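As a plain string of letters, each chain reads:
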Amino acid sequence: QLLNQATTLLQKNVERPRLEAEILLSHILDVERTWLHIHFNDNVNPKNYFELITRRCQNEPLEYITGYVNFYSETFFAQEGVLIARPETELLIDHASTIIKNNSNIKTIAEIGMGSGIISIMLAKMFPDHKFIATDINTTAIELTKKNMALHQVEDRITLYHTSLLDNIDEPINMIVSNP
């Protein structure tokens, strides 16, 4: 009944109301979505669930509400004030990785406008022998990237700079990636 009520409320505002109702319920209960299906008839009364539903009905991104985003089959922290990586960003990573694989001269890659750091982090995981530089003017983005770097254990391979574009960076860079 709880999921049905939430789905009805979300129908006017989102494309996948049932899915988002389940995501928010599993988030607030701190369980996997499959748990909801297995325990479909259980009585649950999570505190603040409908507050989350209301926030979503007001078009707050699901990723800001839950505090995470799934990207490239990995989980990353997300928060308000930092843009959420779009699915097309996976195409950018695919294209960049093809270029890196096919060019042995590329050793240092810079990401301009790192946001949550997803591009640099994914490339650092794919290319552990390469060096990465990531820049942003948003201090919130830099702090979120630090959290995501720690989560994915790539702190030793990505250097962050609080700067516009590549201002004041004197290191040689072989490739630039960005998804503005």
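Higher on the page you've got the structure.
Scoring rules and cut-offs
Residues numbered from 1 in each chain as written. Predicted model: local features only at pLDDT ≥ 70, side-chain atom pairs only at ≥ 80, totals over all residues. Heavy atoms only, no water. Helix = DSSP H or I, 4+ residues; strand = E, 2+ residues; numbered from the N terminus. Buried < 20%, exposed > 50% of the residue type's maximum accessible area, 1.4 Å probe, protein only. Polar contact = N/O pair within 3.5 Å; in protein donor to acceptor, adjacent residues only side chain to side chain. Contact = heavy atoms within 4.5 Å. Pairing = 2+ DSSP bridges. Axes fitted to C-alpha atoms, helices over the stretch in contact; angles between N-to-C directions. Phe/Tyr/Trp six-rings, centres within 6.5 Å; stacked < 30°, edge-to-face > 60°. Lys NZ or Arg CZ within 6 Å of the ring centre and 35° of its normal.

**A look at the side chain of asparagine 148**
Reasoning step 1: Residue placement: asparagine 148 occurs in helix H8 (residues 139-151).
Reasoning step 2: A relative accessible area of 0% places asparagine 148 in the buried class.
Reasoning step 3: In this structure the side chain of asparagine 148 is engaged in a polar contact, spanning 3.1 Å, whose partner is the backbone oxygen of serine 116.
Reasoning step 4: Aside from chain neighbours lying at most four places away, what touches asparagine 148 is Phe76, Phe77, Ser116 and Ile121.

**Some details on the sheet that holds strand E4 (residues 131-136)**
Reasoning step 1: Pairing is parallel in the open sheet, where four strands are placed in the order E5-E4-E3-E6. Since the sheet does not close on itself, it has two edges, and those belong to strand E5 (158-162) and strand E6 (175-177), each with one partner. Mean inter-strand twist for the sheet, computed between neighbouring axes without regard to direction, equals 20°.
Reasoning step 2: Taken together, the three bridges between strand E3 (residues 108-112) and E6 define a ladder with parallel strand orientation. Bridge pairing in E6 links isoleucine 109 to methionine 175.
Reasoning step 3: Of the strands in this sheet, E3, E4, E5 and E6 are in contact with helix H7 (residues 118-126), which crosses E4 at around 175°.

**As for the packing of aromatic side chains**
Reasoning step 1: Going through the model one piece at a time under the given rule, you end up with three aromatic pairs.
Reasoning step 2: Judged by centre distance (6.4 Å) and plane angle (75°), the rings of phenylalanine 71 and phenylalanine 76 are edge-to-face.
Reasoning step 3: Through successive ring pairs, a cluster of aromatic residues spans Phe71, Tyr72 and Phe76.
Reasoning step 4: If you follow lysine 147 out to its NZ or CZ, it ends over the ring of phenylalanine 77, 4.7 Å from the centre.

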